[in-house]
Amino acid sequence: MKILVVEDEENIRKVIKKILEINEFEVLEACDGAEAMDIFYNEKIDLIILDWMLPKMNGIEVLKMVRQESSLPVLMLTAKSQEDDEVEGLEVGANDYLKKPFSLKILITRVKKLLNLIGGKKRYGVLEVDLNNHKVYMKGKDINISPKEFELLNYLILNTGIALSREKILADVWDFAYDGDYRTVDTHIKTLRKKISPEHITTVRGIGYKFEMDKR
């Protein structure tokens, strides 16, 4: 998997790169926001580690531009300690947030979690997903789910809270071009809603669908 590290402090950037490579990730580097966007537009990136304070274009500006094009996971790094700053980053579309200084072990754990590489069971209210065995449970009951339904559900969960268009879902889950049949997405969403709590998958009018956390 390919990770873009956007950090203007070279020492920090190199340390992050080294620990990621030790964990067998491919790493691309950017020292400012403009360089980050150039790489983003020209490379297939699986995750971005993005510093808040950057020259030319700060991390929030970069994040806003990324979110216009993609729902890929973004982990924000910052020396800021104010709660309002953290809220702003998450509202703009960051998937996770890590304050400097941070443990490299925690960084790798957060990265793997965002990339869904950490197995085991994960609970979302009454919904439980077993990543190791590709099983889904509702209130402890095993739900019969097809491989494609599981892939779609896992994709929606990875992008929790993000409105995803039918085109985006079709391209990422089915690998179809944008001229594919969007009804495929609608049909699978309808089936998933019947099998799990329908409150988890909401329709975003004019866009597509979004996975929501169930607080029950």
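The structure presented is a predicted model; accordingly, all values stated were derived computationally and were not measured. (Residues numbered from 1 in each chain as written. Predicted model: local features only at pLDDT ≥ 70, side-chain atom pairs only at ≥ 80, totals over all residues. Heavy atoms only, no water.)

### Focus on the overall build of the chain
Then, number 1: The helix and strand tally for the chain stands at eight helices and 12 strands.
Then, number 2: Relative to its full complement of 216 residues, the chain shows a buried share of 50%.
Then, number 3: Within the chain, contacts between residues separated by at least 24 positions form 53% of all contacts whose residues are at least 6 apart in sequence.
Then, number 4: Of the roughly 11,500 Å² of accessible surface on the chain, 48% is carried by carbon and sulfur atoms. (Helix = DSSP H or I, 4+ residues; strand = E, 2+ residues; numbered from the N terminus. Buried < 20%, exposed > 50% of the residue type's maximum accessible area, 1.4 Å probe, protein only. Contact = heavy atoms within 4.5 Å. Areas by Shrake-Rupley, 256 points an atom, 1.4 Å probe, with all protein chains shown as cover.)

### A closer look at the pairing of strand S6 (residues 121-124)
Then, number 1: In S6, alternate side chains face the same way, and those of Lys122 and Tyr124 are buried while those of Lys121 and Arg123 on the opposite face are not.
Then, number 2: Bridge analysis of S6 against strand S7 (residues 127-130) gives four bridges, and the strand direction is antiparallel. Following the sheet pairing, Lys122 is matched in S7 by Val129.
Then, number 3: The antiparallel hairpin formed by S6 and S7 contains two residues in its connecting segment, where Gly125 sits at a positive phi of about 70°. (Pairing = 2+ DSSP bridges.)

### Some words on helix H3 (residues 59-67)
Then, number 1: Buried within H3 are the following residues: Gly59, Ile60, Val62, Leu63, Val66 and Arg67. Summarising the axial view, the buried residues of H3 lie within an arc of 160°, below the 170-degree limit, and thus occupy one face.
Then, number 2: Between a side-chain oxygen at the N-terminus of H3 and the backbone nitrogen of Ile60 the separation is 3.0 Å; the capping residue is Asn58. (Arc of directions from axis to C-beta. Polar contact = N/O pair within 3.5 Å; in protein donor to acceptor, adjacent residues only side chain to side chain.)

### Considering the nonpolar core
Buried together is how nonpolar side chains tend to be arranged in soluble globular proteins.
Then, number 1: Counting residues in hydrophobic clusters, the biggest one holds 28 residues, and the most contacted among them are Leu153 and Ile169.
Then, number 2: Among the secondary structure elements, those contributing two or more residues to this core are S7, strand S8 (135-138), helix H6 (147-158), helix H7 (166-173), helix H8 (183-195) and strand S12 (208-211).
Then, number 3: Among the elements that take part in this core, H6 stands out by supplying six residues, more than any other.
Then, number 4: Ignoring anything within four residues of it in the chain, the contact list for Leu153 reads Val129, Val136, Ile145, Leu192, Ile196 and Phe211.
Then, number 5: Within the second largest apolar cluster, 24 residues are counted, among which are Leu4, Phe40, Ile48 and Met76. (Core = buried A, V, L, I, M, F, W, Y, C linked by side-chain atoms within 4.5 Å.)

### Some words on the sheet that holds strand S4 (residues 74-78)
Then, number 1: Spatial ordering of the open sheet is given by S2-S1-S3-S4-S5, a layout of five strands whose pairing is parallel. Of all strands in the sheet, those bounded by a partner on one side alone are strand S2 (26-30) and strand S5 (96-99). Averaged over all pairs of adjacent strands, the angle between strand axes in this sheet comes to 20°, irrespective of strand direction.
Then, number 2: As paired strands, S4 and S5 are joined by four bridges and run parallel to one another. Bridge assignment links Thr78 to a residue of S5, and that residue is Lys99.
Then, number 3: Each of strand S1 (2-6), S2, strand S3 (47-51) and S4 touches helix H1 (residues 10-22); the most contacted strand, S2, lies at about 170° to it.
Then, number 4: Running over the sheet, helix H5 (residues 104-114) touches S1, S3, S4 and S5 and is turned about 175° from S5. (Axes fitted to C-alpha atoms, helices over the stretch in contact; angles between N-to-C directions.)

### Observations concerning the sheet that holds S6
Then, number 1: Read across the sheet, four strands follow the order S6-S7-S8-S9 without closing on themselves; strand pairing throughout is antiparallel. Each edge of the sheet is formed by a strand with only one pairing partner; in this case those strands are S6 and strand S9 (141-143). Across the sheet, the mean angle from the axis of one strand to that of its neighbour is 30°, orientation sign disregarded.

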